[in-house]
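An overview of the molecular structure
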Amino acid sequence: MSAYLCDDGRMTGAAELMIEIPAGEVHLRDDRKGTAWTSRVESFRLARHLTTRALLHGDSSDDSSKPAVDLSWKDAIATCNTLSVADGLTPAYRDVDTDSPQWDRGATGYRLATEAEWQYACKAGTSGYRYGEIDEIAWYSDNSEGRAHPVGTKTPNNWGLYDMIGNVWEWCWDLYDPEVYGTYRIFRGGSWAESERGCGATVRRRSHPTFAIDDLGFRLAQTI
């Protein structure tokens, strides 16, 4: 069983801290193209916390409850498969070492949220740019002291999800714009290094699937 950090510091299996997100619809937009669309989101599970160093590395240091970072999109999907196997689940991704990984949508294993799932879960029924006052919900450039912080130390959204905004960016499954950017993938949410403006439910960024940096991580999702 893979390990995950509880709110009280205990370790548990990753699946035990997944929250079931209800089905619904989300409105998305691409400001670069000036387009907007609505996506249907089926019920799915999403981790209460960002993936931590404890979960990935068995880290028991003072940094164990901080988000795992310096992980590329390729690292993230490979890790999802590794954790799935450890928990006796069917891996969600195939051909992870190729330029065109495939998602088995019927698999029981851990995966990345889609962009629509991520934004829908982040908003948690709210309609604003953020689900609360930024200093209460997020670590960002004005309060982070230039570093990531332990997960779950700010106020969660209405569905009990922590750090959906700020602390570290989160990789999503989706391609950004294949015609223009090829294999670039999307990440969401803002980070400890971003200004207030750069931390919100609708902020979209993208990079190459091999890109990794110290304010970018991921969160486990799971198909029901």
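Below is a short write-up of the structure. Each residue is numbered by its place in its chain's sequence as written, counting from 1. Predicted model: local features are reported for residues with pLDDT of at least 70 only, side-chain atom pairs are reported and counted for 80 or more only, and whole-chain, interface and lining totals are derived from all residues. Note that the side-chain values use all heavy atoms of the structure and ignore hydrogens as well as water.

1. Concerning the pattern of salt bridges
Pairing between side chains of opposite charge can happen when the charged atoms of each approach one another. Basically, it comes down to this: Between Lys or Arg on one side and Asp or Glu on the other, a salt bridge is scored when a side-chain nitrogen of the former is within 4 Å of a carboxyl oxygen of the latter. Here a strand is any run of E in DSSP of at least two residues, a helix any run of H or I of at least four, and the numbering for each starts at the N terminus. Exposure classes here rest on a 1.4 Å probe applied to the protein chains alone. A residue is buried below 20% of its type maximum, exposed above 50%, and partly exposed in between.
In total, this model carries 13 salt bridges according to the counting rule given. Here Asp 177 and Lys 33 are joined by a salt bridge, their closest N and O atoms 3.2 Å apart. Highlighted residues: Asp 177 in the loop between β10 (169-175) and α5 (178-181) and Lys 33 in the loop between β4 (24-30) and β5 (35-41), separated in sequence by 144 residues. Among the ionic pairs, Glu 42 bridges to Arg 40, the shortest N-O distance being 3.5 Å. The burial state of Glu 42 is the same as that of Arg 40; both residues are exposed. Taken together, the shared-partner salt bridges in this structure form one network comprising Asp 30, Glu 115, Arg 188 and Arg 204.

2. Some details on the environment of Ser 141
Rules: In this description, contact between two residues means that some pair of their heavy atoms is separated by no more than 4.5 Å.
Inspection of the secondary structure puts Ser 141 in the loop between α4 (134-137) and β10. Using a relative accessible area of 33% as the deciding quantity, one classes Ser 141 as partly exposed. Distance in space between the C-alpha atoms of Ser 141 and Ser 195 is 5.3 Å, their sequence separation being 54 residues. Aside from chain neighbours lying at most four places away, what touches Ser 141 is Ser 191, Trp 192, Ala 193, Glu 194 and Ser 195.

3. Here we look at unusual backbone geometry
Here Asp 95, not a glycine, exhibits a phi torsion of approximately 55°, which is positive. Note that Asp 95 resides in the loop between β7 (93-94) and β8 (102-103). Look at Ala 124: it is not a glycine, yet its phi comes out positive at around 50°. Examined against the element boundaries, Ala 124 turns out to sit in the loop between α3 (115-123) and α4. In this structure Ala 124 comes out as buried when scored by relative accessible area, which is 4%.

4. Some words on α3
Within α3, nine of the nine residues are buried, which leaves it mostly tucked inside the rest of the structure. Of all the positions in α3, only Glu 115, Ala 116, Glu 117, Trp 118, Gln 119, Tyr 120, Ala 121, Cys 122 and Lys 123 are classed as buried. Looking one or two residues past α3, Ala 124 carries a phi angle of roughly 50°, positive in sign.

5. What about the sheet that holds strand β6 (residues 44-47)?
Remark on secondary structure: sheet strands pair via backbone hydrogen bonds, oriented parallel or antiparallel. The condition that has to hold: We call two strands paired when DSSP finds no fewer than two bridges between them. Between N-to-C directions, angles cover 0 to 180 degrees, with each direction set by a line fitted to C-alpha atoms, over the stretch in contact for helices.
Strand order across the open sheet formed by four strands is β3-β6-β14-β9, with antiparallel pairing between neighbours. Two strands in the sheet have a free side with no partner beyond their single neighbour: β3 (18-21) and β9 (110-111). Looking at chain direction, β6 and strand β14 (residues 221-223) are connected through three bridges and run antiparallel. For Phe 44, the partnering residue across the bridge sits in β14 and is Thr 223. Across the sheet, α3 is in contact with β3, β6 and β9; its angle to β6 comes to roughly 70°.

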